[in-house]
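Close look at the chain arrangement
Each chain, letter by letter, is given below.
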Amino acid sequence: MAFTPPKESFRGRVYPVTIGTEVQETFGGENTLPFHRFEGEIPHRPLISYEIQDVPPQDWPEVVREPYSDVSDDPVKWAQFCQESLGAKSITLRLIGTHPDQKNLSAEDAVKVVTDVLNAVKVPLIILGSNHIEKDAEVLPKVAEASKGRNCVIGKAQEANYKTIAAAAMASGHKLIAMSELDINLSKQLNILITQMGFEKERLITDPMCSALGYGIEYTYSVMERIRLAALAQADPVMQPPMVADVGMYVWKIKETQASEQDLPEWGSLRERGILWEALTATTLMLAGAELLIMRHPDAVSLVNTFIDEMFA
Amino acid sequence: MALTGVEIFKLLPKTNCKKCGFPTCLAFAMKLAQRQTSLDKCPDVSEEAKRILGEAAAPPVRPITLGTGDKAVKMGEETVLFRHEKKFVNPTVLALEIKDTEDEAVQMEKVQAVLTSEINRVGQLLRVDAICITNASGEVERFETLAKTVAEKAPEVPVIVSTESPDAAKTVMGLFSGKGALLYGVTEANAEQMVPIAKEAKASVGVRADDLEALSALTEKVKSLGVEDIVVDSGARKAPEILEHNTLIRRAAIKKNFKPLGYPVINFVQREDPLYETLLAGLGICKYASVVVMSSAEKWKNLALFTLRQNIYTDPQVPMQVEQKIYKIGEPDENSPLLITTNFSLTYFIVSGEVENSKVPAWLAVMDCEGLSVLTAWAAGKFTGAKIANFIKESGIESQIKHRELIIPGYVAILKGAIEEKLEGWTVTVGPREANGLPSFLRQKVAA
Ligand code: B12
Ligand code: SF4
């Protein structure tokens, strides 16, 4: 029986999204499944963005706090360190300090941090709120305005607050992350609502909600695969924005990245375990369709970069 | 790939004799296509039709078992390309390679690593499933020494024997005869000598070719030599080829019913850096490998891969769940605290683990919420005041404890009033939100 390789091509294509001004990065743009270069085009590699915060990362476990111990007291130094010393291609600034349960920093405080960081680095910036519905709706429009023209990514717009955030991102010429909760229909619905406001679908990034390995990754994985198939096979235009996986935040709060080897000898070295957990969560979600990854540990990032290099060699 | 009703109809006698219990051959064919009846109901069907229909009904990826006894593992039988369509069936076998060129001490360490790799995660016992012994030296004697060590120290662990030398295979396979071993290293060049050796040892055959075309031809050849339990290696070693070949093999089997590639796939992912190697093993787990062969088995690496494999191979329709009942943690008595949670496996194991950590004996009431987490169950209306009250009353716990205090998860603090209303004489105490707050919470509670 002769063998004919059962290759498949698709009608649909993921939108390419370009961010930044002085230095630009593009992700998305493919017309095939993740890394399926043998049967389609993937013009851009997945992009990894280094996560930093507006306040010192007190709740990050030691393994991932340590690489930043000299710089993490100051977001500007931290951002520069990522760009200069780690070769970051993009930086994600999470305004976690604005959360009412954290420092409850004001929108003005946030604007200052964002402006300072923008002035200090050239690589594209992703600006995230604290994931507090009301506070994000208050803070994100102000920072969007303050970073106008810098072609950043603003996030995350959710069902309960998308209107103000999307309007601000639109007015200031930014890209926007739309996050829903692990459900393809909710995700589609939110993208539709946002585009109905006049926000171009080509400027959206879908966040179907991340989960860490061992803590629901199978849900994220399958929702991402389904969204990607809808984009490619059904060529559904509202499902065609690229997807983000907010990996670091979910990984570095679980027990596997924190419990010491003394307490759980059967889990082995904590350092390797933590780094691996972040890297493996990231590659797994890339295989499901994520093109933009937000990560924390430099060693995890370089492992994932090696994986991407090999895939694109 | 299953045949359609019309395709089946063409193979039937077309006499409409009704002996099968259906009014027409076509009606019978339709039911067959839906797998609602079986072919043997028609007494007049031809041998030819039986053969064709039998082949079409066989699973697209051949089921093969590696090893025997308690530690045997199944491979193949997959039916889909994406896990949201249907559960992936047989989890990827993780195998640790031991080479005959390695120091004896290293070899022993590896055997030991496999034997002690078992971890309990979310109620499942997970382990490195198999040992792959590799004839890297090319010498028969060294290989035999290694094989003897493994056969003696790890007699129950399924074995993959990796060599391209018929001499080495012949010498070693006797040690694993009847133990469901896999003889890997069969190629176009050595198939005539190797296949009979595998057959004699009742082993399956692992074939390697340099591309998919050659691989298809090779499996046909092995089959014609009398062995059908085959595991295939396309020669892919780099990530993009592993992804490409595994995908094309799975597609050919499932979508085209292409029998020459309808076999479990084996991937070799050994790399210098064990961290990086894990990422490639992860690629194999996500993308259709039935066996992944690795060069090391560090504990942290095992934990990550066991977890990924468990996640990818869970049923997408049915979350993993535990039985509804009142669990005892430690040796609780009539004064011990009573906590409640849902029966989602992950939730149960996290919470029971933390209660254990607290060293405070306790009663843990686990309520059936169809395997949903606390917040999901609450949002879905399955973890409500009325239902909790009902469950507590019917559980019989009231006869086992003297107090009437129920500790609920912090995230559902809002349920306090509703439960107290329905559960007369009880007080509800709101516990911490995250389970890791439980040890200090419980210790304070019993100290007070
Ligand atoms: C995965 C997930 C799902 C999965 C289901 C997974 C499952 N088996 O439960 C799916 C995709 C099916 C799903 C569906 C829905 N989901 Co959902 N889901 C999640 C998600 C992302 C994770 C849940 C999880 O696995 N948590 C891990 C487990 C271990 O957590 P847990 O059970 O709560 O246990 C922790 C604590 O509660 C505590 N604890 C547990 N027991 C006890 C006991 C005591 C005594 C104490 C002190 C502590 C304690 O310890 C644990 C660890 O710290 C959460 C968001 C999130 N990150 O939490 C949303 C979330 C729970 N879902 C939500 C919603 C609304 C839904 C839906 C109703 C809507 C929808 N998206 O369609 C449906 C309902 C399902 C249905 N059948 O109708 C909401 C709930 C909103 C709210 N605050 O009430 C959440 C919070 C998302 C959000 N932010 O909106 N979901
Ligand atoms: S018994 Fe066979 S031949 Fe008779 S009606 Fe049924 S299918 Fe047709």
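Definitions and cut-offs
For every chain, the first residue of its written sequence is number 1, and the numbers climb from 1 along that sequence. To read the labels, note that chains go from A and ligands from 1, taken in the order they are written. Selection of residues for local features in this predicted model requires a pLDDT of at least 70, selection of side-chain atom pairs for listing and counting requires 80 or more, and totals for whole chains, interfaces and linings are taken over all residues. Hydrogens and water are ignored here; the side-chain numbers use all heavy atoms of the structure. We define proximity as follows: a residue is near a molecule or strand when any one of its heavy atoms falls within 4 Å of that partner. Here the term charged refers only to Asp, Glu, Lys and Arg, the term nonpolar to Ala, Val, Leu, Ile, Met, Phe, Trp, Tyr, Cys and Pro, and the term polar to all other amino acids, Gly among them. Any two of the Phe, Tyr and Trp rings considered here, Trp counted by its six-membered ring, make a pair once their centres fall within 6.5 Å; the pair's planes then place it as stacked at under 30 degrees, edge-to-face at over 60, or tilted in between. Secondary structure elements follow DSSP: runs of H or I no shorter than four residues count as helices, runs of E no shorter than two count as strands, and numbering proceeds from the N terminus. Only protein chains enter the calculation, and the probe is 1.4 Å; a residue is then buried if its accessible area is under 20% of its type maximum, exposed if over 50%, and partly exposed in between. Two conditions define a charge sitting above a ring: the NZ of Lys or the CZ of Arg must be within 6 Å of the ring centre, and it must be within 35 degrees of the ring normal. Buried residues of nine kinds, namely Ala, Val, Leu, Ile, Met, Phe, Trp, Tyr and Cys, make up a nonpolar core once their side-chain atoms join them within 4.5 Å. Contacts are assigned to residue pairs with any non-hydrogen atoms lying within 4.5 Å of each other. We call two strands paired when DSSP finds no fewer than two bridges between them. Helix axes use the C-alpha atoms of the stretch in contact, all axes being lines fitted to C-alpha atoms, and the angles between their N-to-C directions lie in the range 0 to 180 degrees. Side-chain atoms alone can form a polar contact between residues adjacent in sequence; in general such a contact is a pair of N or O atoms within 3.5 Å, and within protein one must be able to donate a hydrogen while the other accepts it. Salt bridges are identified by distance alone: a Lys or Arg side-chain nitrogen within 4 Å of an Asp or Glu carboxyl oxygen. As used here, buried area is the combined drop in accessible area, with a 1.4 Å probe, of two parts when they are placed together. All the domain ranges listed were derived from an automatic or database domain assignment. Residue count minus one, scaled by 1.5 Å, sets the expected span of a helix.

Details of the site of ligand 2
Taken together, Pro13(B), Thr15(B), Asn16(B), Cys17(B), Lys18(B), Lys19(B), Cys20(B), Cys25(B), Phe28(B), Cys42(B) and Pro43(B) form the complete shell of residues around ligand 2. Here the residues of the shell around ligand 2 sort into 7 nonpolar, 2 polar and 2 charged.

Quick word on the packing of aromatic side chains
Scanning the model with the defined rule gives 12 aromatic pairs over all chains in all. The interplanar angle of 40° and the centroid separation of 4.7 Å between the aromatic rings of Tyr327(B) and Tyr348(B) together place this pair among those described as tilted. With Tyr327(B) in strand S13 (residues 325–329) and Tyr348(B) in helix H12 (residues 345–358), this residue pair connects regions lying 21 residues apart in the sequence. Taking relative accessible area as the criterion, Tyr327(B) reaches 12% and is therefore assigned buried. On the basis of an interplanar angle of 75° and a centroid distance of 4.8 Å, the ring pair of Tyr348(B) and Phe349(B) is categorised as edge-to-face. On the accessibility criterion, Phe349(B) (29% relative accessible area) is partly exposed. Grouping aromatic residues by their ring pairs yields a cluster made of Trp60(A), Tyr68(A), Trp78(A) and Phe81(A). Here the basic side chain of Lys325(B) rests over the ring of Tyr327(B), its NZ or CZ set 4.9 Å away from the ring centre.

Describing the nonpolar core
Grouped together as the largest cluster of nonpolar side chains are 177 residues, with contacts concentrated most on Leu176(A), Ile194(A) and Ile133(B). Looking at this core element by element, the count peaks at 10 residues for helix H9 (residues 270–288) of chain A. Each residue touching Ile194(A), except ones within four places of it in the same chain, is listed here: Ala157(A), Tyr162(A), Ala166(A), Leu176(A), Ala178(A), Phe199(A) and Leu204(A). Ala365(B), Ile388(B), Val412(B) and Ile419(B) belong to the second-largest nonpolar core, a separate cluster that totals 25 residues.

Section: the sheet that holds strand S14 (residues 338–342) of chain B
All names here are of chain B. With respect to topology, 5 strands assemble into an open sheet ordered S13-S15-S14-S16-S17, the strand pairing being mixed. At either end of the open sheet lies a strand with only one pairing partner, and these are S13 and strand S17 (427–430). Neighbour to neighbour, the strand axes of the sheet diverge by 30° on average, direction disregarded. Sheet topology note: the S13/strand S15 (residues 362–367) ladder contains 5 bridges and is antiparallel. Among the inter-strand pairings, Tyr 327 is bridged to a residue of S15, identified as Leu 364. On the sheet, H12 packs against S13, S14 and S15 and is oriented at approximately 175° with respect to S15. The strands touched by helix H16 (residues 438–447) within the sheet are S14, strand S16 (405–408) and S17, with S16 carrying the most contacts at an inclination of about 160°.

Side note on the sheet that holds strand S7 (residues 159–162) of chain B
All names here are of chain B. With parallel pairing, 8 strands are arranged side by side in an open sheet as S10-S9-S8-S7-S6-S3-S12-S11. Whereas interior strands pair on both sides, the edge strands pair on one side only; in this sheet they are strand S10 (230–233) and strand S11 (266–268). Each strand of the sheet is rotated relative to its neighbour by a mean of 25°, with strand direction disregarded. Pairing between strand S3 (residues 93–99) and strand S6 (residues 130–134): 5 bridges, direction parallel. Looking at the pairing, Glu 97 lines up with Cys 132 of S6. The strands touched by helix H11 (residues 299–312) within the sheet are S3 and strand S12 (291–294), with S3 carrying the most contacts at an inclination of about 150°.

Observations concerning the site of ligand 1
Around ligand 1 sit 33 residues in total, of which Glu181(A), Thr347(B), Ser373(B), Trp378(B) and Glu434(B) are the nearest. Neighbouring residues of ligand 1 are not confined to a single chain but are spread across chains A and B. Between Glu181(A) and ligand 1, the recorded distance is 2.7 Å, taken from a side-chain N or O atom to an oxygen atom. Within the contact set of ligand 1, an oxygen atom lies 2.6 Å away from a backbone nitrogen or oxygen of Ser373(B).

Topic: the pattern of salt bridges
Within this structure, the stated rule accounts for 42 salt bridges over all chains. Residue Asp116(A) pairs with Lys112(A) through a salt bridge whose shortest N-O separation is 2.7 Å. With Asp116(A) and Lys112(A) both in helix H3 (residues 107–120), this residue pair falls 4 residues apart, about one helical turn. Judged by its relative accessible area of 29%, Asp116(A) falls in the partly exposed class. The partner of Lys255(A) in a salt bridge is Glu354(B), with the nearest N and O atoms 3.4 Å apart.

Side note on the interface of chain B and chain A
One frequently used descriptor of interface size is the decrease in accessible area upon assembly of the parts. Of the residues lining the interface, 50 residues belong to chain B; the matching set on chain A comes to 46 residues. Regarding the contact of chain B and chain A, the summed buried area is about 4300 Å², with carbon and sulfur atoms giving 71% of it. In terms of surface lost to chain A, no three residues of chain B exceed Arg251(B), Leu279(B) and Trp300(B), which account for 16% of the buried area on that side. Linking chain B with chain A are 6 salt bridges, by the criterion used here. Between Glu8(A) and Lys255(B) there is a salt bridge, and its shortest N-O distance comes to 2.6 Å. Taken together, the connections running from chain B to chain A amount to 13 residue pairs in polar contact (both at pLDDT 80 or more). Secondary-structure elements contributing two or more residues to the side of chain B that touches chain A are strand S4 (119–121), helix H8 (212–224), helix H9 (239–255), helix H10 (274–286), H11 and H12 of chain B. Of all the elements, H11(B) adds the most residues to the side of chain B that touches chain A, at 10 residues. Partitioned by chemical class, the residues of the side of chain B that touches chain A number 26 nonpolar, 9 polar and 15 charged.

Focus on the domain arrangement of chain B
Structurally, chain B comprises domain 1 (5–57), domain 2 (64–312) and domain 3 (325–447). The straight-line distance from the C-alpha centre of domain 1 of chain B to that of domain 3 of chain B is 56 Å.

Here we look at the pairing of S16(B)
All names here are of chain B. Across 2 bridges, the pairing between S14 and S16 is parallel. Across the sheet, residue Leu 339 finds its bridge partner in S16, namely Ile 407. Pairing between S16 and S17: 4 bridges, direction parallel. Residue Leu 406 lies in a different strand from S17, and its bridge partner there is Val 428.

A few points about H9(B)
Residues and elements named next belong to chain B. Here H9 is 17 residues long and its end C-alpha atoms lie 23 Å apart, about the 24 Å a rise of 1.5 Å per residue gives. Burial analysis of H9 places 14 of its 17 residues in the buried class, which makes it a mostly covered element. Looking at the residues trailing H9, positive phi occurs at Asn 257, about 50°.

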